[in-house]
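# Notes for the structure review
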Amino acid sequence: MLETKGHNEVLTRTFEKNDEPYDLLISDPQQADSGEFWTKVTLECDSDIVWSHQIGGIDGIQSTLLALGIARRLLESDGGFTFLDSPDLMLPGF
């Protein structure tokens with residue numbers, strides 16, 4: 001779902017774990033002075049940050065795809081997350 005939010009967060013997806021909602025927030029890629037792009041990926045539960053990482057790439061598409069891939073790995077390693085009542089989180093894996 002595309003959604004505009006504060007702090008450059010443009011993509012959100014809500015997962016569930018133990019009947020609690022967790023929001024995955026993906027920021028709008030930002031270009032650094034050195035040319036690479038950085039995308040922030042954050043997992044929140046009740047507005048508390050569970051984890052947050054800045055992921056770099058050669059362009060905005062790559063940094064966003066890598067951020068989504070990292071999110072998938074972290075969610076799967078924690079275990080127990082579902083999306084639309086399914087264990088398939090529907091995130092790209094790399």
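Residues numbered from 1 in each chain as written. Predicted model: local features only at pLDDT ≥ 70, side-chain atom pairs only at ≥ 80, totals over all residues. Heavy atoms only, no water.

### Observations concerning helix α1 (residues 60-78)
As a reminder, the rule being used: Where helices and strands are cited, they refer to DSSP runs of H or I of at least four residues and of E of at least two residues respectively, numbered from the N terminus. For a helix, the expected span equals 1.5 Å multiplied by the number of residues minus one. Exposure categories follow from relative accessible area, calculated using a 1.4 Å probe and restricted to protein chains: below 20% of the type maximum is buried, above 50% is exposed, and the middle band is partly exposed. Residues adjacent in sequence count toward polar contacts only when both atoms are side-chain atoms; beyond that, a polar contact is any pair of N or O atoms within 3.5 Å, and within protein one must be able to donate a hydrogen and the other to accept it.
The terminal C-alpha atoms of α1 lie 27 Å apart, and with 19 residues this matches the ideal 27 Å at 1.5 Å per residue to within 8%. Of all the residues in α1, the buried ones are G60, S63, T64, A67, L68, G69, A71 and L75. At the N-terminal boundary of α1, the capping side chain belongs to D59, with an oxygen 3.2 Å from the backbone nitrogen of I61. Of the residues flanking the end of α1, it is G79, one or two places downstream, whose phi is positive at about 75°.

### What about the confidence of the model for the chain?
What counts here: pLDDT measures the predictor's confidence residue by residue and takes values from 0 up to 100. The contact criterion used is simple: two residues touch if any of their non-hydrogen atoms lie within 4.5 Å.
Mean pLDDT for the chain: 91, with 89% of residues reaching 70 or above. Below pLDDT 50 for its whole length, residues 1-7 participates in 12 contacts with residues either more than four positions away or in separate chains.

### Some thoughts on the pattern of salt bridges
In plain terms, the rule: What makes a salt bridge here is a side-chain nitrogen of Lys or Arg within 4 Å of a carboxyl oxygen of Asp or Glu, nothing more.
Within the structure shown, the criterion is met by one salt bridge. The partner of E76 in a salt bridge is R72, and the shortest N-O contact between them spans 3.0 Å. Placement of both E76 and R72 in helix α1 is noted, with a separation of four residues, approximately one turn of the helix. Under the relative-accessibility criterion, E76 is labelled partly exposed at 44%.

### Points about the nonpolar core
Keep this limit in mind: Among buried residues, the Ala, Val, Leu, Ile, Met, Phe, Trp, Tyr and Cys ones that are joined through side-chain atoms within 4.5 Å form a nonpolar core.
By size, the foremost hydrophobic cluster in this structure holds 17 residues, and its most contacted members are F15, L24, V41, W51, L75, F81 and L91. Every element with two or more residues in this core is listed here: β2 (20-27), β4 (37-45), β5 (48-57) and α1. Here L24 is in contact with L11, T12, R13, F15, V41, T42, L43, W51, A71 and L91, once residues within four sequence places are set aside.

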